[in-house]
Amino acid sequence: MEAQKQKMFDEETASSVVKELRDSFGSGKTRSYEWRVSQVKALLKAVVENEQEIVDALRSDLAKPPLETVVYEIGMFKNSCEVILKELKQWMKPEKVKTSIRTFPSSAEIVPEPLGVVLVISAWNYPILLSLDPVVGAIAAGNAVVLKPSEIAPASSSLLAKLIGKYMDNSFIRVVEGGVDETTMLLQQKWDKIFYTGNGKVGRIVMTAAARHLTPVVLELGGKSPVVVDSNMDLQVVAKRIISGKWGLNNGQACISPDYVITTKDCAPKLVDALKTELVKCYGKNPLESEDLSRIVSSNHFARLSKLLNDDKVSGKIVYGGESDEKKLRIAPTVLLDVPRDSLIMGEEIFGPLLPIITVNEVEESIDLINSGTKPLAAYIFTADKKLKEQFVMNVPAGGLLVNDTVLHLVVDTLPFGGVGESGMGAYHGKFSFDAFTHKKAVLYRGFAGDSSLRYPPYTDTKLRLMKALIGGSIFGIIRALLGWS
Amino acid sequence: MMERDLNDLRESYESGKTKEASWRESQLKGLRRFLMDKQQDIMQALMQDLGKHQIEAFRDEIGTLIKTLNLALKSLKDWMSSKKAALPQLALLTSAEIVPQPLGVVLIISSWNFPIGLSLEPLIGAVAAGNAAVLKPSELSPACSSLLASSLTTYLDNKGIKVMEGGAEESQQLLEQRWDKIFFTGSARVGRIVMSAAVKHLTPVTLELGGKCPAVVDSLSSSWDIEVTVKRIIVAKYGTCAGQACIAIDYVLVEKGYCSKLVQLIKLYINKMFGDNPQKSKTISRIVNKHHFSRLKNLLADEKVKESVIYGGSMDQDNLFIEPTILVDPPLEAAVMSEEIFGPLLPIITLEKIEDSIKFINCRPKPLALYVFTKNQTLQRRMISETSSGSVTFNDAILQYAADTLPFGGVGESGFGMYHGKFSFDTFSHHKAVVRRSFLTDFWYRYPPWTLNKLQLLQVSYNYDYLGLLLVLLGLKRPSKHVISGHM
């Protein structure tokens, strides 16, 4: 394994990996239900048998609390496998569809088939989940897969390479480790689909590369996911749910973490108090020492986040937290109140443990405020007001929307998980993962009986009348046409 | 000018007007009225641009559009409604649903061969889904483009839907703007340009491209069957815009031993359908322009290709007419067998046995449509599972275009994305996941501090119930009694 890593991953290596996988795919082996199930089970086994190693890798890469790893990285992935194992047979079945008088007599169905050889590029914040979840979907759909894990989470990347190398059928599933160079080499190849999780800048690079080969893509990106808090809510519960979605998710380094809060001027101070109380309950008085918070992934991101805090425009706005430890790459949960809309912290996705609160006069103003920015991956609202709920649901474009909680829509695998606009395109989870890596082939069966001369030249006026009636579908129309009355 | 128009559209969209069911319905009705009122004008424009016969115009464009509009108007309410999503067992969630929403302001670029059909079919989907839209018809079919720009617009809300005419330059300008979706029908070459332009604003695209659609003809024993087959092949080639269609039969694959019978019947039926002088019958469309005429002429320039022509081949440059032409076994490296023909030239390739067609097809880019004429169920099954194409149709051709319950789109080089029927609505929608929770108390498991004890306790009782454990940890499910008592 080590020797393989040392060898330079150049254009030739990249194209030979793709060629090998293409040849394997061409054998037709991935078409079988048994093969797919065996691979899904193998991947599940890989995770189950190596849970401690996974927890350790995430601790090394992100100081991620073991419970977060167990719930989000391992738990969610195991659930994906369970869903696949339970439903795959059904998903693989052709779907019969109705046919109409226009194609009578006929029968039709939609046959799902694999796309071929696909590339999955994952991110550093949930390095195991965001690698294996798309990969297992691709396998379930019968594809061969190359996984490129993020180099910014090196322990996880290395563990993935080891596990996939050991447990999976390597003629069909490979891991290519590396950074920008390796990714560039991979992106130059022709893939049948590319699935990318990450940021908009690299998402554009991926889509540009895909355009050269007319490769369809799924881009799971990010954005500033807002949380709107209405007045007259039980703020202790609201605070806890915000905390769980923000700092409880990799210390705010998650694509669907609440990015910022919008609340009324009246409510804001009360919300701040609730947040303070609950934050102390969760992380103690010395959150920098808390084992229940991930650290910041790298010094680059630490510097980026520090800059947001040191912005002149937000000095004096910190109402809680603000402490950091550069050596340990730790930043404490921080709440800021009344930050100006043109501050740095409101200009980009935060992806860290800083929570700005924006105040408005009327809570309804939040909708326009959110819509003045780009479409986020998720939007959250805490309210008991039915009208406001519906207004929010109908008028705030976002990948997903959750009323009275944060983040949890992620767990419902019967819902598509994906973005819109700047937050991405395409979706996955549950059957949507299978669909993301599938071509839905339309199949129409006709016989030779029931042929009508009406279709063939020479064309006459009668034929035109009949055709109009037939397409109109009305039996009277057809009779009239046949009798020459229309 | 363009900027002002686009601002109008975005304002319209942002005002929420296009989201209203009433607006969508009124636009769809407007489209339907246009097709009914202006049928003669449409047929005339198609005759002018392509020499297309009335029956083709109705069958492939006007008629199918009316069918689609009737379906859309009938189904609109259902399509617009949110769909409930099944929730995991006993999860303490109130509801989960998928809410379809419009994307915003969309761009539709259509092609010249079905200039009305390929413009309005996507537009129907865009409007039904509640978007504002710009339609850019092909400049290579100028009469139709002009008709859409001047006449169609009188039936629609011009602040919500615009037709912008023009060529490469106007298209380029349009592609630089910000769109929430781009729907393109045309060649792979331009498809790449469109997708590359879409990167700037991360605009999702649907690309309906082409390819060489093969027709595999088995050695059918019944004379009725083979005659019907031949008739259907002729209509799918020469009778559909003279073969200038993305789903026209490009070439035929047949067993050596059956070839002469097939050829004999094709010749016979060409004569029956088009008479001795097909050009005079005015049934077959002409070639769209000089450029494509020269392209097709050049396909037959090669000596070896010329030798393989066994029927037809005559071309009238002034009238841009090429008569139905058949080739048998032209060289496979020649352009006629490596490029999409898009014209009335039909190569017939002979094989040792019909099953060899599978390998033949798989060596080439995935086509938009695969046609197989056979009663052999084993061959049918093999064709479906061992080849890949946008669609497969058995014992007929082109017809799949009219089936609203089947997705219409390509794979690989023939494109990605799909439409027709509800698929059109979906392609112009964002399916938003919406979860609503009730305000019940949470459980301590969800929040830190997390002690090893807590974790162990839970893992022990939920050893293989991964979802159960997950739900408990997220506070969405009450943990089982013995876990609670253990904690106490």
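This structure is a prediction, so every number in the text was calculated from the model and none was measured.

## Brief notes about the overall build of chain A
Looking only at helices and strands, one finds 17 helices and 18 strands in chain A. If one aligns the C-alpha atoms of chain A with their principal axes, the spans along those axes are about 85 × 60 × 35 Å. Scored against the burial criterion, the 486 residues of chain A give a buried share of 62%. Looking at chain A alone, contacts between residues at least 24 apart form 71% of all its contacts between residues at least 6 apart. Surface accessibility of chain A: about 18,200 Å² in total, with carbon and sulfur atoms responsible for 54%.

## Notes on the UniProt feature "active site" (unreviewed entry) in chain B
Residue and element names in this part refer to chain B. Listed under "active site" (unreviewed entry) in the UniProt record, and renumbered for this structure, are Glu208 and Cys246. Spatial clustering of the annotated residues is evident: they stretch over 39 residues in sequence, but the largest pairwise C-alpha distance comes to 8.8 Å. With respect to the element layout, Glu208 can be found in strand β7 (residues 205-208). Given the relative accessible area of 3%, Glu208 is considered buried. Summarising the element assignment, Cys246 is placed in the loop between α9 (223-237) and β9 (251-255).

## Comments concerning α9(B)
The first and last C-alpha atoms of α9(B) sit 21 Å apart over 15 residues, in line with the 21 Å expected at 1.5 Å per residue. Buried-residue contacts for α9(B) involve β18 (438-446) of chain A together with α4 (54-80), β8 (214-217), α10 (256-274), β14 (345-351) and β15 (369-373) of chain B. Between the side-chain oxygen at the start of α9(B) and the backbone nitrogen of B:Trp224 there is a gap of 3.2 Å, and the oxygen is on B:Ser222.

## A word on the UniProt feature "domain: Aldehyde dehydrogenase" (unreviewed entry) in chain A
Per the UniProt record, "domain: Aldehyde dehydrogenase" (unreviewed entry) is found at residues 9-443 of chain A. Secondary structure content for residues 9-443 of chain A is 42% helix and 18% strand, and the end C-alpha separation is 41 Å.

## A few points about the nonpolar core
Buried together is how nonpolar side chains tend to be arranged in soluble globular proteins. One finds A:Val229 and A:Ile256 to be the most contacted residues of the largest nonpolar core, which totals 157 residues. For this core, the element with the most residues is helix α5 (residues 66-92) of chain A, which contributes twelve residues. Filtering out sequence-adjacent residues up to four positions away, A:Val229 remains in contact with A:Leu235, A:Val238, A:Ile242, A:Val261, A:Ile262, A:Thr263, A:Thr264, A:Cys267, A:Leu271, A:Val363 and A:Phe382. B:Cys213, B:Leu220, B:Tyr238 and B:Val328 belong to the second largest nonpolar core, which has 103 residues in total.

## Describing the interface of chain B and chain A
With 110 residues of chain B at the contact, the number on the chain A side is 106 residues. Buried surface at the junction of chain B and chain A, summed over both partners, amounts to about 8,900 Å²; 66% is from carbon and sulfur atoms. Between B:Asp180 and A:Lys375 there is a salt bridge, with its nearest N and O atoms 3.8 Å apart. Viewed at the interface, chain A and chain B are joined by 33 residue pairs in polar contact (both at pLDDT 80 or more). Take the side of chain B that touches chain A: its biggest share by element is eight residues, from α4(B). Residue classes in the side of chain B that touches chain A are distributed as 57 nonpolar, 31 polar and 22 charged. When β18(A) meets strand β16 (residues 391-394) of chain B, the two strands line up parallel, connected through four bridges. Within the sheet, the bridge partner assigned to A:Leu444 lies in β16(B) and is B:Thr393.

## Let's talk about the side chain of B:Gln27
Structurally, B:Gln27 can be placed in helix α2 (residues 21-37). What B:Gln27 contacts, discounting residues up to four positions off in sequence, is B:Val127, B:Leu156, B:Asp157 and B:Ile161.

Calculation criteria
- Residues numbered from 1 in each chain as written.
- Chains lettered and ligands numbered in written order.
- Predicted model: local features only at pLDDT ≥ 70, side-chain atom pairs only at ≥ 80, totals over all residues.
- Heavy atoms only, no water.
- Helix = DSSP H or I, 4+ residues; strand = E, 2+ residues; numbered from the N terminus.
- Buried < 20%, exposed > 50% of the residue type's maximum accessible area, 1.4 Å probe, protein only.
- Contact = heavy atoms within 4.5 Å.
- Areas by Shrake-Rupley, 256 points an atom, 1.4 Å probe, with all protein chains shown as cover.
- UniProt positions renumbered as here; feature names shortened; annotations may be inferred.
- Expected span 1.5 Å × (residues − 1).
- Polar contact = N/O pair within 3.5 Å; in protein donor to acceptor, adjacent residues only side chain to side chain.
- Core = buried A, V, L, I, M, F, W, Y, C linked by side-chain atoms within 4.5 Å.
- Buried area = accessible area lost by both parts, 1.4 Å probe.
- Salt bridge = Lys/Arg side-chain N within 4 Å of Asp/Glu carboxyl O.
- Nonpolar A, V, L, I, M, F, W, Y, C, P; charged D, E, K, R; others polar.
- Pairing = 2+ DSSP bridges.

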